[in-house]
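# Chain and residue survey
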Amino acid sequence: MSTMQDKITAKKLKKEDDRIKRLLLGLDAETVSKPKPVKGVPKGGLLEKKLQAKSKQKAADVKLVTSMVAAQRAKKKKATKTSGVMGQKIAAKAAEKKKKAEVASVVAQVKAKKAAKKKAEVDKKFDSHLAELLDIADKNIEKAKAKPAGKFNALTFLKKNPKVKITFVGFKGGKNAALFKKYKPAKNYEEFFKLAKAGGDATPNGHINYDFRQGYLYIHSDGVKNVAKLPSAGASTTTGASPKN
């Protein structure tokens, strides 16, 4: 393929040489190589000699131009050959670079797959561990719900909520019967304390829990489970604070 291309190039260059000769000297190749006799000019005369000398000069000029064109052609051919070699080197480097890029792409894909696999494993472990923790939390919540509430302390509740309405019901006997009658009108803890103390009990708080458990004290609060029963269904059950033990 290269030999055929060189032949075609040589033919093109030769045609170009001939064209340059004709343009520069006004002669064709046949006239330069084989000068023809000039019609109407006597042979051996001075005029013929001058014309022949002129023709030789033109032939020398053509030879010079031919050598210049040949040199230019050789230089061009060398440059073409050099560019061909460089082109091959550049193409080889480009191919090598492309191959490296493909290898790098494959390596990156493998790494990405490994990373995705590892992440999936970590996520799976995390989800499993989270599920265990949530299950433990749910069990603890259920245990907390099933655990019985602490015993309600009426005195503690009323100290924290001294304005909550209270009602003393029924009648007591024994040594505290008279005192009970004195603090029975109290409508909240503050009134109870004042009335009981005024009735002669220096430490009246001991009556609160006893009266509540025995059904003598009714605390008007939705969160309190009272033992006492109000004397009538129309009695007020004003909502107070929730019980605080």
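Note that the coordinates shown come from a computational prediction; the quantities given were computed from them, not determined experimentally.

The rules behind these values
- Residues numbered from 1 in each chain as written.
- Predicted model: local features only at pLDDT ≥ 70, side-chain atom pairs only at ≥ 80, totals over all residues.
- Heavy atoms only, no water.
- Phe/Tyr/Trp six-rings, centres within 6.5 Å; stacked < 30°, edge-to-face > 60°.
- Buried < 20%, exposed > 50% of the residue type's maximum accessible area, 1.4 Å probe, protein only.
- Helix = DSSP H or I, 4+ residues; strand = E, 2+ residues; numbered from the N terminus.
- Lys NZ or Arg CZ within 6 Å of the ring centre and 35° of its normal.
- Core = buried A, V, L, I, M, F, W, Y, C linked by side-chain atoms within 4.5 Å.
- Contact = heavy atoms within 4.5 Å.
- Arc of directions from axis to C-beta.
- Salt bridge = Lys/Arg side-chain N within 4 Å of Asp/Glu carboxyl O.
- pLDDT = per-residue confidence, 0-100.
- Patch = residues over 30% accessible without salt bridge, like charges linked within 9 Å, V, L, I, M, F, W, Y side chains within 5 Å.
- Areas by Shrake-Rupley, 256 points an atom, 1.4 Å probe, with all protein chains shown as cover.

## A word on the packing of aromatic side chains
Inspection of every chain in the model, using the stated rule, returns 10 aromatic pairs. Taking 5.7 Å as the distance between ring centres and 55° as the angle between the ring planes, the aromatic pair formed by F152 and F157 counts as tilted. Judged by its relative accessible area of 25%, F152 is partly exposed. Where Y189 meets F192, the ring centres are 6.3 Å apart and the plane angle is 35°; that geometry is what we call tilted. Remark: F192 and Y189 occur in helix α6 (residues 189–198); sequence separation between them is three residues, near one turn of the helix. Each member of the pair, Y189 as well as F192, is classed as buried. Among the aromatic residues, those joined into a ring-pair cluster are F168, F180, Y183, Y189, F192, F193 and Y216. The ring of F171 carries K184 above its face, with NZ or CZ at 4.1 Å from the centroid.

## Brief notes about the nonpolar core
The biggest cluster of nonpolar side chains holds 19 residues, and the ones touching the most others in it are L158, F168, F192, L217 and I219. It is helix α4 (residues 154–160) that provides the largest number of residues to this core, a total of four residues. Non-local contacts of F192, meaning those with residues more than four positions away in its chain, are made with I166, F168, Y183, A186, P204, N205, H207 and I208.

## What to know about α6
Those residues of α6 that sit buried are Y189, F192 and A196. The arc enclosing the buried residues of α6, seen along the axis, measures out at 55°, which places them on a common side. Among the exposed residues of α6, those pointing more than 90 degrees away from its buried face are K194 and A198. Those residues of α6 that are buried are in contact with α4, β1 (166–168), α5 (177–183) and α7 (206–214). At the C-terminal side of α6, G200 shows a positive phi close to 110°.

## Re the pattern of salt bridges
Per the stated rule, a full pass over the model turns up four salt bridges. With its nearest N and O atoms 2.9 Å apart, the salt bridge here joins K163 to E190. Highlighted residues: K163 in the loop between α4 and β1 and E190 in helix α6, separated in sequence by 27 residues. Classification of K163 as exposed rests on a relative accessible area of 64%. Note on E190: relative accessible area 33%, which makes it partly exposed.

## Some details on the confidence of the model for the chain
Summing up the model confidence of the chain, the mean pLDDT is 77 and the portion of residues at 70 or higher is 75%. A low-confidence stretch, residues 234–245 (pLDDT under 50), is modelled with 36 contacts involving residues beyond four sequence positions or located in other chains.

## What about a nonpolar patch on the surface?
On the surface, F126, L130 and L134 cluster together into a nonpolar patch covering about 290 Å² of accessible area. Residue position: L130 is located in helix α3 (residues 46–146).

## Let's talk about α7
In an α-helix, one turn spans 3.6 residues, which is why side chains three or four residues apart end up on the same side. Every buried residue of α7 is listed here: H207, I208, N209, D211 and F212. Packed against the buried residues of α7 are α4, β1, α5, α6 and β2 (217–219). Residue G215 follows α7 closely and has a positive phi angle near 90°.

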